[in-house]
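# Coordinates in review
One-letter residues, chain by chain:
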Amino acid sequence: DSSFGWTSYHTLEKIEAWLDEILASYPEIVTGFLVGQSYEGRDIRGIKISYKSGNPGVFIESNIHAREWITSATATWFINELLTSSDAAVRDLAENHDWYIVPVFNVDGFVYSHVKDRMWRKSRSPSAGSTCIGVDLNRNYDSHWMENGGASDNPCAETYAGLSAFSEPETKALSEYISGIKDKVNVLFAFHSYSQVLLSPYGHTDEEFPDNYDDLLQVAKAYADAVNSLQYGTTYRYGSSAEVLYIASGCTNDWAYVKADIEISYTIEFRDTGHHGFLLPPTHIIPNAEETLAGITALLAESRELGYLELKYDL
Ligand code: 0X9
Ligand code: ZN
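Reading guide: rules and limits
Residues numbered from 1 in each chain as written. Chains lettered and ligands numbered in written order. Predicted model: local features only at pLDDT ≥ 70, side-chain atom pairs only at ≥ 80, totals over all residues. Core = buried A, V, L, I, M, F, W, Y, C linked by C-beta atoms within 7 Å. Buried ≥ 20, exposed ≤ 12 C-beta atoms within 10 Å, placed from the backbone. Contact = placed C-beta atoms within 7 Å. Axes fitted to C-alpha atoms, helices over the stretch in contact; angles between N-to-C directions. Helix = DSSP H or I, 4+ residues; strand = E, 2+ residues; numbered from the N terminus. Left-handed = near helix turned anticlockwise from the far one by under 90°. Nonpolar A, V, L, I, M, F, W, Y, C, P; charged D, E, K, R; others polar. UniProt positions renumbered as here; feature names shortened; annotations may be inferred. Pairing = 2+ DSSP bridges.

By the naming in an unreviewed UniProt entry, the chain goes by Zinc carboxypeptidase-like isoform X1 and is assigned to Drosophila lebanonensis.

So this is what it looks like as structure tokens:
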């Protein structure tokens, strides 16, 4: 539905109304799923796009960080493209994978970033003994939680890890949801901004690397090459999260790799490299989304070549 446009950033309410329209328009192909409830009691919604059974699954977690609005704008554009594009490569992408997409994961933080503080990052749960609010949900997953200084134990810090791994209802719910379908999911992307970089496991250490690190680099190179060859002149880098960025523990894509056996598992940091940063003007939504589509198409093609898109379960 083009009335949604992708020329401005939308509120959670508008995004959910658009999801409802998509669900009503494609009842044979799109089904809604409920991940669970946020701290403030909002539904965390996802949609599954499936043209036929027996497709390898791709999971997208988006907008875990509240202020990273480009991620949900890109995720919704991506959903629309999978459903409406007549381009042969996009049809192949849409119809030969099962897509599980959570456009706005950190719903409470997202609403807060719209109504109170545009630069809000964390969730909105309080901490006993502190006036500071919110946990960095991307430090709260049960994967090397709080190791190597990859997060903070200070409730006032932007990278506060929470009281324990999965202390937060949002991460607990998403990890349970993914665990329940993990045999059907071959690939996971966590959408973030900004830096224009693909980050493989691990985040918690730069001294160890995944067993299939060479393959992870090869599929990331396919993504970067595809983006870099577009007309926009955008360049993406790639590598292990801890090497390319900084040490970060308890992140979604590391948990998916380590605990849910999802062997192709990436954090993608979208536009830009810091000029606008988190305040990326909405004129970037469609170019950024087109880059993401080209990148994901190439990454999945390369993953298939390397044998990662075989079915993980018996039909
Ligand atoms: O620090 C983060 O959570 C992410 N960067 S952001 O600027 N969007 O906040 C990067 C997380 C990368 N972690 C792993 N790939 N493990
Ligand atoms: Zn982020």
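## Topic: the nonpolar core
Counting 85 residues, the largest nonpolar core has Ile60, Ile101, Leu188, Leu198, Ala220, Tyr223 and Ile262 as its most contacted members. If sequence neighbours within four positions are ignored, Ala220 has contacts with Leu198, Ser200, Tyr238 and Tyr266.

## Points about the packing of helix 2 (residues 69–84) against helix 9 (residues 285–305)
Where helix 2 contacts helix 9, the two axes come as close as 9 Å, and the packing angle between them is 65°. The chirality of how helix 2 crosses helix 9 is right-handed. Of the residues in helix 9, those in contact with Ile70, Ala73, Thr74, Trp77, Phe78 and Glu81 of helix 2 are Ile285, Ile286, Asn288, Ala289, Thr292 and Leu293. Broken down by class, the residue content of the contact of helix 2 with helix 9 amounts to eight nonpolar, three polar and one charged.

## Quick look at the UniProt feature "domain: Peptidase M14" (unreviewed entry) in the chain
Per the UniProt entry, the sites bearing "domain: Peptidase M14" (unreviewed entry) are residues 8–303 in this numbering. Helix makes up 36% of residues 8–303 and strand 17%, with an end-to-end C-alpha separation of 33 Å.

## Quick look at the pairing of strand 2 (residues 43–49)
Taken across its seven residues, strand 2 has five buried, putting it largely inside the fold. By the bridge criterion, seven bridges tie strand 1 (residues 30–37) to strand 2 in an arrangement that is antiparallel. Within strand 2, the position partnered with Gly36 by the bridge is Ile44. Relative to strand 4 (residues 98–102), strand 2 runs antiparallel, the two sharing three bridges. Within strand 4, the residue paired with Lys48 across the bridge is Tyr100.

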